[in-house]
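# Understanding the architecture of this molecule
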Amino acid sequence: MTNSLRRIRDEKYAAQGGRCFYCNQPMWSGSPLKFQTAHSGSERKARWFQCTAEHLLSVSDGGSETSANIVAACKFCNQSRHRSKQPLSPEAYKSKVLGRMEMGGWMRLSSSDTAPASG
Ligand SMILES: [Zn+2]
């Protein structure tokens, strides 16, 4: 990662309140240990919530390393989007992610967030 990309990522991370552009879950930047403790998650899970620089238009499609083309996204959302042969547009991908989460899917930091208070 270049210095400018890292700088942009850090700016976006701060601007987005430390939350992923797609799944809106908290991310960490730096060390996962605090994050893992704060969310009482496993190390393996915490690793997916690393803040990454996500190119809205991928570099291979002509996307540039500029602030306008980059958002902060968790590693899981970032990798999942670019794993498909024809990545969805950021808007379409975001609604897909949020839809999956509504149904209790996706990589969730805490699965008890939406659980009923009793029972
Ligand atoms: Zn995410």
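Further up the page is the structure itself.
These lines cover the structure that appears in this document, whether it is placed above or below. Everything numeric in this text was worked out from a predicted model, so none of it was measured.

Thresholds, definitions, all that
Residues numbered from 1 in each chain as written. Predicted model: local features only at pLDDT ≥ 70, side-chain atom pairs only at ≥ 80, totals over all residues. Heavy atoms only, no water. Donors = N, O, S within 2.8 Å, 3.2 Å for Na, K, Ca; no water. Tetrahedral: all angles 85-135°; square planar, octahedral: opposite > 155°, others 65-115°. Helix = DSSP H or I, 4+ residues; strand = E, 2+ residues; numbered from the N terminus. Phe/Tyr/Trp six-rings, centres within 6.5 Å; stacked < 30°, edge-to-face > 60°. Buried < 20%, exposed > 50% of the residue type's maximum accessible area, 1.4 Å probe, protein only. Core = buried A, V, L, I, M, F, W, Y, C linked by side-chain atoms within 4.5 Å. Contact = heavy atoms within 4.5 Å. Disulfide = S-S within 2.5 Å.

Below, the discussion takes up the coordination of the zinc ion. Coordination of the zinc ion by the protein is provided by Cys 20 (SG), Cys 23 (SG), Cys 74 (SG) and Cys 77 (SG), with metal-donor distances spanning 2.3 Å. Because the angles between the 4 donor atoms bound to the zinc ion fall within 101 to 116°, the donor set is best described as tetrahedral. Written as a sequence motif, the donor residues of the zinc ion are C-x2-C-x50-C-x2-C. Placement of the pair is Cys 23 in the loop between helix H1 (3–15) and helix H2 (32–38) and Cys 74 in strand S2 (residues 70–74), with a sequence separation of 51 residues.

Moving on to the packing of aromatic side chains. Under the definition given, this model contains 6 aromatic pairs. Summarising the aromatic geometry, the rings of Trp 48 and Phe 76 are spaced 5.3 Å apart at their centres and angled 90° between planes, so their arrangement reads as edge-to-face. A residue pair is termed long-range when its members are at least 10 positions apart, and Trp 48 in the loop between helix H3 (43–47) and strand S1 (51–55) and Phe 76 in helix H4 (residues 75–83) qualify at 28 residues. Given a relative accessible area of 25%, Trp 48 falls into the partly exposed group. The exposure class assigned to Phe 76 is buried, which follows from its relative accessible area of 16%.

A separate point is the nonpolar core. Counting 20 residues, the largest nonpolar core has Cys 20, Cys 23, Cys 74, Cys 77, Val 97 and Trp 106 as its most contacted members. Filtering out sequence-adjacent residues up to four positions away, Cys 20 remains in contact with Gln 25, Met 27, Ala 72, Ala 73, Cys 74 and Cys 77.

Attention shifts here to the environment of Ile 70. In this fold, Ile 70 is placed in strand S2. For Ile 70, a relative accessible area of 0% translates into the label buried. For the pair Ile 70 and Thr 52, spaced 18 residues apart in sequence, the C-alpha to C-alpha distance is 9.8 Å. Look past the residues within four positions of Ile 70 in its chain and what remains in contact with it is Leu 5, Ile 8, Lys 12, Ala 53, Glu 54, His 55, Ser 64 and Glu 65.

In total, this model carries 0 disulfides according to the counting rule given. We note that Cys 51 lacks a disulfide partner, and the nearest cysteine sulfur, in Cys 20, lies 8.6 Å from it.

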